[in-house]
Amino acid sequence: MTIRYNQVEIPPGADLPLKESLENFRRALEQRENWISMWEEAYDYSFPNRTNFHSHVPGQKRTDLIYDDTAPQSVPKFASRILSGLFPENARAFHLKLGPDIAVEDRSPEAQMMLDELTQYIHESIWNSNFHEECHEAMQDLAIGTMLLYMQPGEYIGQFKFKSIPLTNYALLQGPHGAPKGWYFWNEKQMLVNLEQEYKGKIKYSENLQKKMAKNRDMTDTVITELIRDYSKKYECYKFRVFLLQCGEMVVEDKIEGYGSLPMITARWSKSSSELYGRGPLIQVMPTVKTVNHVMEMILQNAEMALAGTYVYDDDGVFNPHNVFIEPGAFIPRAPGSSIDVLPTASKFDVGQLTLEERQRNIRRGLFVDDFDQKGKTPLSATEIMERRFLSATDMGTVQGRLKTELLNPLIRRAVHILNDQGIVDIPAVDGNQIVIYPESPLLRAQKQQDIQELLAYNQQLQGMFGQMGASAMKYGETAAYLAELHGIPQRLVMSKGEINELTQQTQEQAAQGQIDPDMLQNLIGLGPKPQ
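Note that this is a predicted model, so its numbers are computed, not measured. (Residues numbered from 1 in each chain as written. Predicted model: local features only at pLDDT ≥ 70, side-chain atom pairs only at ≥ 80, totals over all residues. Heavy atoms only, no water.)

Turning next to the sheet that holds strand β8 (residues 249-257). Overall, antiparallel pairing links the 5 strands, which are arranged β4-β5-β6-β7-β8 in an open sheet. Edge positions in the sheet fall to β4 (170-174) and β8, since each of these pairs with one other strand and no more. Strand after strand, the sheet turns through a mean of 15° between neighbouring axes, direction not considered. By the bridge criterion, 5 bridges tie β4 to strand β5 (residues 180-191) in an arrangement that is antiparallel. Paired with Y170 across the two strands is F185, which belongs to β5. (Pairing = 2+ DSSP bridges. Helix = DSSP H or I, 4+ residues; strand = E, 2+ residues; numbered from the N terminus. Axes fitted to C-alpha atoms, helices over the stretch in contact; angles between N-to-C directions.)

Printed below as a string of structure tokens:
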């Protein structure tokens, strides 16, 4: 069950850090208050089996409002497709490259090969973690608008550990430029004994609280974790605090600093410039979801009327309808001359069924999970399916950029920060200047695929206009390097300048012996046509 801002009270005599944390926490809860009714509606109609904002009993039945399962089935599919589009399992999602601030003399193949090895190491660490399980849960909240993922070092060196924070259990504090500057997430009725195991060496209890815990080892409290940006520092720094809401005590007070040190990964689907929380595709289709549920409810009520029937009878003082069960094989007594007749109904829901199917398709299309089902019509061609998927990728164009900025980039920066702290690597921050993140996932490389298609079309036009001479006008060596960059081919598979020079010398010797055409040789190694 969510915490409301009017439930947060500052205990008398609280010290300054606790008072500051409680005031900021109350402000964060107040900023999210207007969103709760909208989120609650989305949970009621689309997440019937998850803990919502007004219920905290695990396993509680909450399907009374659900008459159509289009939204509950489409949201997990949406999360799976976005996740597989960004981070395909056991496949590369990105690669690291040298940035523009690296001097030309320092851009050696060895440096790029080192980044290729680091890229592979990060991928393997993510594959061997619980990332896909937790991120899938978080991306279901992304369908509503905002997802929160907590990334920490694992139990052994080189391991990552992820935790999905549901929308019901966190609040954000708005900072400059509409970005969050504070993160608060809580766990109700958490045993304080488990809290000691989680924060070994950092947790400090007051004497009064220690006495209470000694008497009751199963003592629980609402534990609030706070991360807030410290803008007094010129570098990236965050205050990390843990406090107990009922006891009114600060039990952990620490700080984390460094580029990529923030463990909270906050991604939003789309947002207004003045809003902190995002708006997802599920919010856009909620009117349709409610309409479909209402239509399905009326169809089921009409079906119940058709099956059970409605009857009229002559009131002769003998027949009692409360003692009669209309079922197969039943004998119903009646007085002579009295009758029981079926009451016809005027409701016809054939048109309602057609409307229902169209609106169900709109829900799936709005959540990007439309499977192009033609209901017995002629199957779609491969070209038409490709065109529809291209249009879907175009519709998600701005969202792709936001997910790269708010999900992919912070995750990689956090991974590099953890590996630097553990002494596995010693590289500068992935800040876009010295080291750049290039996406390779299917969802984020749509522009690269378009560049490849334009290059192929250009080559075909040259061949069509000038034949083989037109094809030889392209520098094949440089073209191959350009395609390797677009496809994200590792540096160890691409020829270096030294290898190209060695190949040039060998082929020039062969050309001198008449074994290869000189002009074709120059184009082949990417040096352009041979000067006359």
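Read across the open sheet, the 3 strands follow the order β3-β2-β9; overall the sheet is antiparallel. Only two strands of the sheet have a single neighbouring strand rather than two, namely β3 (160-164) and β9 (264-268). Direction aside, neighbouring strands of the sheet carry axes that sit 25° apart on average. Note that strand β2 (residues 146-153) and β3 share 5 bridges and pair antiparallel. Among the inter-strand pairings, L149 is bridged to a residue of β3, identified as S164. Helix-sheet contacts for helix α5 (residues 131-142) involve β2, β3 and β9, and the interaxial angle to β2 is about 155°. (Contact = heavy atoms within 4.5 Å.)

Moving on, we come to a nonpolar patch on the surface. Taken together, the side chains of Y121, I157 and I424 define a hydrophobic patch exposed on the protein surface, amounting to about 250 Å² of accessible area. Within the secondary structure, Y121 sits in helix α4 (residues 109-127). By relative accessible area, which is 30% here, Y121 ends up partly exposed. (Patch = residues over 30% accessible without salt bridge, like charges linked within 9 Å, V, L, I, M, F, W, Y side chains within 5 Å. Areas by Shrake-Rupley, 256 points an atom, 1.4 Å probe, with all protein chains shown as cover. Salt bridge = Lys/Arg side-chain N within 4 Å of Asp/Glu carboxyl O. Buried < 20%, exposed > 50% of the residue type's maximum accessible area, 1.4 Å probe, protein only.)

Attention shifts here to unusual backbone geometry. Positioned with a positive phi, K189 is a non-glycine residue whose angle comes to about 55°. Its place among the elements puts K189 in strand β5. You can call K189 exposed: its relative accessible area is 61%. Although it is not a glycine, F368 sits at a positive phi angle of roughly 60°. Inspection of the secondary structure puts F368 in the loop between α9 (350-366) and α10 (382-395). The exposure class assigned to F368 is partly exposed, which follows from its relative accessible area of 24%.

Core analysis: the biggest nonpolar cluster contains 112 residues, and F25, M139 and L282 have the highest contact counts within it. For this core, the leading source of residues is helix α11 (residues 397-421), giving 10 residues. Here M139 is in contact with F78, A79, I82, L83, L86, M147 and L407, once residues within four sequence places are set aside. (Core = buried A, V, L, I, M, F, W, Y, C linked by side-chain atoms within 4.5 Å.)

Another point: empty space enclosed by the protein. Tallying each qualifying case throughout the model produces 2 cavities of 30 Å³ or more. Volume-wise, the largest cavity comes out at about 60 Å³. As for the largest cavity, its lining consists of F87, P88, A91, A93, F94, H123, I126, W127 and H132. Looking at which element gives the most residues to the lining of the largest cavity, the answer is α4, with 3 residues. Partitioned by chemical class, the residues of the lining of the largest cavity number 7 nonpolar, 2 polar and no charged. (1 Å grid on protein atoms, 1.4 Å probe; cavity = no way out; pocket = protein on both sides within 12 Å on 5 of 7 lines; lining within 4 Å. Points joined across faces, edges and corners; volume = space filled by probe spheres on them. Nonpolar A, V, L, I, M, F, W, Y, C, P; charged D, E, K, R; others polar.)

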